Amino acid sequence: MRKLSDPSLIREYATAFDFDNIFSSASFDALELYEMKQGEVLWEKNDTLDHLYFLVDGKIKIYTSSAEGKGLILRFKNPLAVIGDVEYVKGTDVFHTVEAVTDGHLMKIPFARLRQEEKENTAFLHFLLEVITHKFYTEAHASTLNMLYNTDVRLASYLLSLTDDGKGSLFHEEMRPETLKETAEVIGTSYRHLNRVLRDFEDEGILEKHRGIIKITDINALRNKAEGNIYE
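Small disclaimer: the values here were computed from a predicted structure and weren't measured.

Enquirer: Explain the overall build of the protein chain here, please?
Expert: Secondary structure assignment for the protein chain yields nine helices and 12 strands. Put simply, the protein chain has 232 residues, and 48% of those count as buried. Long-range contacts, defined as pairs at least 24 residues apart, comprise 75% of the intrachain contacts of the protein chain with a sequence gap of at least 6. Total accessible area computed for the protein chain in this model is approximately 11,900 Å², and 48% of it derives from carbon and sulfur atoms.

In structure tokens form, the structure reads like this:
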């Protein structure tokens, strides 16, 4: 991530997400803005956080890995996503890997500042409670999706999660062999089976693949395949 010194942009994001009604003035003034790039791994398991981060623009994915290196998607997140809430409350290290799906921006504030200024702030504590409750709900939903649904449903849900709005905007996603292998791991299937399902989707007119690029051609059919599920 790269720090940006742009007070007007900080103010724009802070106003858009009502930060001035969540934080005290001292904490509000301590907010900093950072830029993330698509594909950048922002945090890995066992990293130490000393700031609370807010995704104010772009999309991230959060996943975990087994000892064998296999991944499992927990959720995709759009603004306003919060990273570090559990670490702030429990004092633990990062538990999951966080990666930028798109370019975007994050804001951050030191844990020390929050402990000094916000421990009696009911607006902040209520905000934090809502964030943590929503996080546990979405993780439970993603786990259920991976365990109970067929590969075609999981793949459709994954592809919808990669769209800009998470609801079916057309998008282009590079499908290099290593990307396909990663996709197979995070939705809990084999590389060979994933290719079979992609061919089925292509035969059904849901997507096209050309020179390493996948293009969604029938968003409504993809939504139907997902059966109302999404990794968000």
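Having seen the structure, we can now continue with the description.
Enquirer: I would appreciate a short explanation of the packing of helix 6 (residues 151-161) against helix 8 (residues 191-203) in the present structure.
Expert: Any two packed helices are characterised by the angle at which their axes cross and by the distance between the axes. For the pair helix 6 and helix 8, interaxial distance at closest approach is 10 Å and the crossing angle is 75 degrees. With respect to each other, helix 6 and helix 8 are oriented roughly perpendicular. Residues Thr 151, Asp 152, Leu 155 and Ala 156 of helix 6 form the contact with helix 8, whose own contacting residues are His 193, Leu 194, Val 197, Leu 198 and Phe 201. Each residue belonging to the contact of helix 6 with helix 8 can be placed in one class, and the counts come to six nonpolar, two polar and one charged.

Enquirer: When you look at the side chain of His 51 in this model, what are you seeing that I'm missing?
Expert: Examined against the element boundaries, His 51 turns out to sit in strand 4 (residues 51-57). Note on His 51: relative accessible area 14%, which makes it buried. Once residues within four sequence positions are removed from consideration, His 51 is found in contact with Ile 83, Lys 108, Ile 109, Pro 110 and Phe 111.

Enquirer: Please explain helix 8 as it appears in this structure.
Expert: Quick reminder: α-helices carry 3.6 residues per turn. Residues three or four places apart thus point the same way. The first and last C-alpha atoms of helix 8 sit 18 Å apart over 13 residues, in line with the 18 Å expected at 1.5 Å per residue. All of the buried residues in helix 8 are Leu 194, Asn 195, Val 197, Leu 198 and Phe 201. Burial along helix 8 is one-sided: seen end-on, the buried residues are contained in an arc of 165 degrees. Seen from the buried face of helix 8, the exposed residues on the opposite side, beyond 90 degrees, are Arg 192 and Asp 203. Remark: Gly 205 follows helix 8 within two positions and exhibits a positive phi of approximately 80 degrees.

Enquirer: Would you mind going over helix 1 (residues 7-16) with me for this structure?
Expert: When we look at burial in helix 1, the residues that qualify are Leu 9, Ile 10, Tyr 13 and Ala 14. Looking down the long axis of helix 1, one finds its buried residues gathered within 130 degrees of arc, a one-sided arrangement. Set apart from the buried face of helix 1 by more than 90 degrees, the exposed residues are Pro 7, Ser 8, Glu 12 and Ala 16. Here the buried face of helix 1 lies against helix 2 (25-29), strand 2 (32-36), strand 4 and strand 9 (104-110). Just downstream of helix 1 lies Asp 18, where phi reads positive at about 65 degrees.

About the thresholds
- Residues numbered from 1 in each chain as written.
- Predicted model: local features only at pLDDT ≥ 70, side-chain atom pairs only at ≥ 80, totals over all residues.
- Heavy atoms only, no water.
- Helix = DSSP H or I, 4+ residues; strand = E, 2+ residues; numbered from the N terminus.
- Buried < 20%, exposed > 50% of the residue type's maximum accessible area, 1.4 Å probe, protein only.
- Contact = heavy atoms within 4.5 Å.
- Areas by Shrake-Rupley, 256 points an atom, 1.4 Å probe, with all protein chains shown as cover.
- Axes fitted to C-alpha atoms, helices over the stretch in contact; angles between N-to-C directions.
- Parallel < 35°, antiparallel > 145°, perpendicular 65-115°, else oblique.
- Nonpolar A, V, L, I, M, F, W, Y, C, P; charged D, E, K, R; others polar.
- Expected span 1.5 Å × (residues − 1).
- Arc of directions from axis to C-beta.

Limitation: the analysis is restricted to geometry and does not speak to function.
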